[in-house]
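Structural features, examined
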Amino acid sequence: MDNSPPQDDPGQPSVPAPVPLTKPESRPEPPLPQTPAPQTPAPQTPAPHAPVAEADLRVSDADRERVAELLRDAYAEGRLDAEEHAERIEAAYRAKTFGELAPLTRDLPTHRPLSFEKQAAPASAPRPGPRLPPARHEAPSMVAIFGGASRKGRWRVGSHLRAFAAFGGVEIDLTDAVFESPEVEIEVTALFGGVDIRVPENVSLHGGGVGIFGGFDVKEQTAADPYAPVVRVKGVAVFGGCEAKPRRGKKITEWVRKQLGSE
């Protein structure tokens with residue numbers, strides 16, 4: 001018995017041996033998207049404050065007084081009239097910032113740049129302004145009965161002045177007056193009326209009176225200049241009143257005693 005393996009028949013095609021099946025390689029699954037953890041924002045450094053503009057800087061009393069002095073000089077030279085000068089002086093003492101002060105002297109030749117820093121003096125001195133008009137002569141007495149009497153502006157005041165008010169009012173403004181005497185005495189009588197007296201801030205003011213069912217108020221002050229004029233007020237107020245006080249921002253610029261002393 002022949003146990004040898006069968007021989008291939010050359011007349012039939014050969015069948016290839018079956019290829020063993022292999023398990024496909026497993027691929028790693030893509031990672032799932034992860035939600036980022038919330039991050040605490042880093043603390044922010046506050047931005048520095050913007051610098052304050054010069055016009056918004058606060059002014060001092062010395063700054064207001066410097067502008068007021070320029071306005072007084074301009075008024076004495078005739079560059080401002082009485083109404084303009086009074087309005088600008090009031091605005092100067094009411095100003096809180098450099099931006100409010102600057103326009104008050106911008107149109108004046110004596111204007112210097114307004115700043116919180118010291119400024120250089122102008123190279124050339126301003127030309128002298130026009131001469132002031134002559135002061136007018138007035139009567140030494142004022143009377144107001146059922147009405148009013150007012151005296152202001154450039155007028156000559158002598159050594160004595162009387163004011164009488166009955167059912168009316170008298171206004172005496174010495175802030176722009178020319179003093180012809182080193183001492184002025186004002187005698188007041190107010191019956192059911194009132195007398196209002198205003199003097200420059202750089203003169204001495206003294207005196208007082210009697211108030212019967214009324215008031216008599218004199219705000220006394222002594223000027224720093226020993227040669228400045230002295231105004232003395234006295235009298236009586238019955239069912240009326242008298243008030244005498246200095247006007248802030250108004251300074252006397254000329255008086256006879258000072259002019260004689262400077263010659």
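Residues numbered from 1 in each chain as written. Predicted model: local features only at pLDDT ≥ 70, side-chain atom pairs only at ≥ 80, totals over all residues. Heavy atoms only, no water.

The name that an unreviewed UniProt entry assigns to the protein is DUF1707 domain-containing protein, with the source organism given as Streptomyces sp. Y1.

1. Concerning the overall build of the protein
From N to C terminus, the protein includes four helices and 13 strands. Evaluated residue by residue, the protein yields a buried proportion of 30% over its 263 residues. Taking the intrachain contacts of the protein between residues at least 6 apart in sequence as the baseline, contacts between residues at least 24 apart amount to 64%. (Helix = DSSP H or I, 4+ residues; strand = E, 2+ residues; numbered from the N terminus. Buried < 20%, exposed > 50% of the residue type's maximum accessible area, 1.4 Å probe, protein only. Contact = heavy atoms within 4.5 Å.)

2. Section: the pattern of salt bridges
All chains considered together, the criterion is met by 15 salt bridges. In this structure, E185 engages K234 in a salt bridge whose closest nitrogen and oxygen atoms are separated by 3.7 Å. With E185 in strand β8 (residues 183-191) and K234 in strand β12 (residues 230-238), this residue pair connects regions lying 49 residues apart in the sequence. Linking R198 and D196 is a salt bridge whose minimum nitrogen-to-oxygen distance equals 2.5 Å. Residue D196 is classed as partly exposed on the basis of its relative accessible area, which comes to 26%. Residues joined in a network through salt bridges with shared partners are R136, E138 and R151. (Salt bridge = Lys/Arg side-chain N within 4 Å of Asp/Glu carboxyl O.)

3. Considerations on the nonpolar core
Across soluble globular proteins, you tend to see nonpolar side chains buried next to one another. By size, the foremost hydrophobic cluster in this structure holds 30 residues, and its most contacted members are V170, I172, L174, I186, V195, I197 and V233. Counting residues per element, this core draws most heavily on β8, which supplies four residues. Sequence-distant contacts of V170, defined by excluding residues within four places in its chain, comprise M142, A144, A149, A163, F164, A165, G194, V195 and D196. Counting residues in hydrophobic clusters, the runner-up holds 15 residues, among them V59, L71, A95 and L108. (Core = buried A, V, L, I, M, F, W, Y, C linked by side-chain atoms within 4.5 Å.)

4. Here we look at a negative patch on the surface
A cluster of like negative charges, contributed by D81, E83, E84 and E87, occupies part of the molecular surface. One can find E83 in helix α2 (residues 82-94). (Patch = residues over 30% accessible without salt bridge, like charges linked within 9 Å, V, L, I, M, F, W, Y side chains within 5 Å. Areas by Shrake-Rupley, 256 points an atom, 1.4 Å probe, with all protein chains shown as cover. Lys, Arg positive; Asp, Glu negative; His and termini not counted. Charge placed at Lys NZ, Arg CZ, Asp CG, Glu CD.)

5. Describing helix α1 (residues 61-76)
Here α1 contains 16 residues, and its C-alpha end-to-end distance of 22 Å stays within 8% of the 22 Å for a straight helix at 1.5 Å per residue. All of the buried residues in α1 are D63, R64, V67, A68, L70, L71, R72, A74 and Y75. Where the residues of α1 are buried, they touch α2 and α3 (98-101). G78, located one to two residues past α1, shows a positive phi value of around 85°. (Expected span 1.5 Å × (residues − 1).)

6. Some remarks on the pairing of strand β2 (residues 141-145)
Both faces of the sheet carry side chains from a regular strand, because those side chains alternate between them. Side chains M142 and A144 project from β2 onto a buried face, and the interleaved S141, V143 and I145 project onto a face without burial. One ladder, built from five bridges, connects β2 with strand β5 (residues 160-166); its direction is parallel. When the sheet's bridge partners are listed, A144 is paired in β5 with A165. (Pairing = 2+ DSSP bridges.)

7. Re the sheet that holds strand β11 (residues 215-218)
Read from one edge of the open sheet, five strands run β3-β6-β9-β13-β11, paired in parallel fashion. Edge strands, defined here as strands with exactly one partner in the open sheet, are β3 (148-151) and β11. Geometrically, the sheet is characterised by an average inter-axis angle of 10° between neighbouring strands, direction not taken into account. Looking at chain direction, strand β6 (residues 169-173) and strand β9 (residues 194-200) are connected through five bridges and run parallel. Residue pairing across strands places E171 opposite D196, the latter belonging to β9. (Axes fitted to C-alpha atoms, helices over the stretch in contact; angles between N-to-C directions.)

8. Some details on a nonpolar patch on the surface
Together, V143, I145, F146, F167, L191, F192, V210, I212, F213 and F239 line one region of the surface with nonpolar side chains, adding up to about 1000 Å² of accessible area. Within the residue set of the nonpolar patch, elements represented by two or more residues are β2 and β10 (204-212). By secondary structure assignment, the location of V210 is in strand β10.

9. Some words on the environment of V238
Here V238 shows up in strand β12. Excluding residues that lie within four positions of it along the chain, V238 makes contacts with A190, L191, F192 and I212.

10. With respect to the confidence of the model for the protein
Mean pLDDT for the protein: 76, with 67% of residues reaching 70 or above. Contacts from residues 113-126, a stretch scored under 50 in pLDDT, to residues over four places away or in other chains number 16 contacts. Note that pLDDT drops below 50 for residues 257-263; the model gives that stretch three contacts with residues more than four away or on any other chain. (pLDDT = per-residue confidence, 0-100.)

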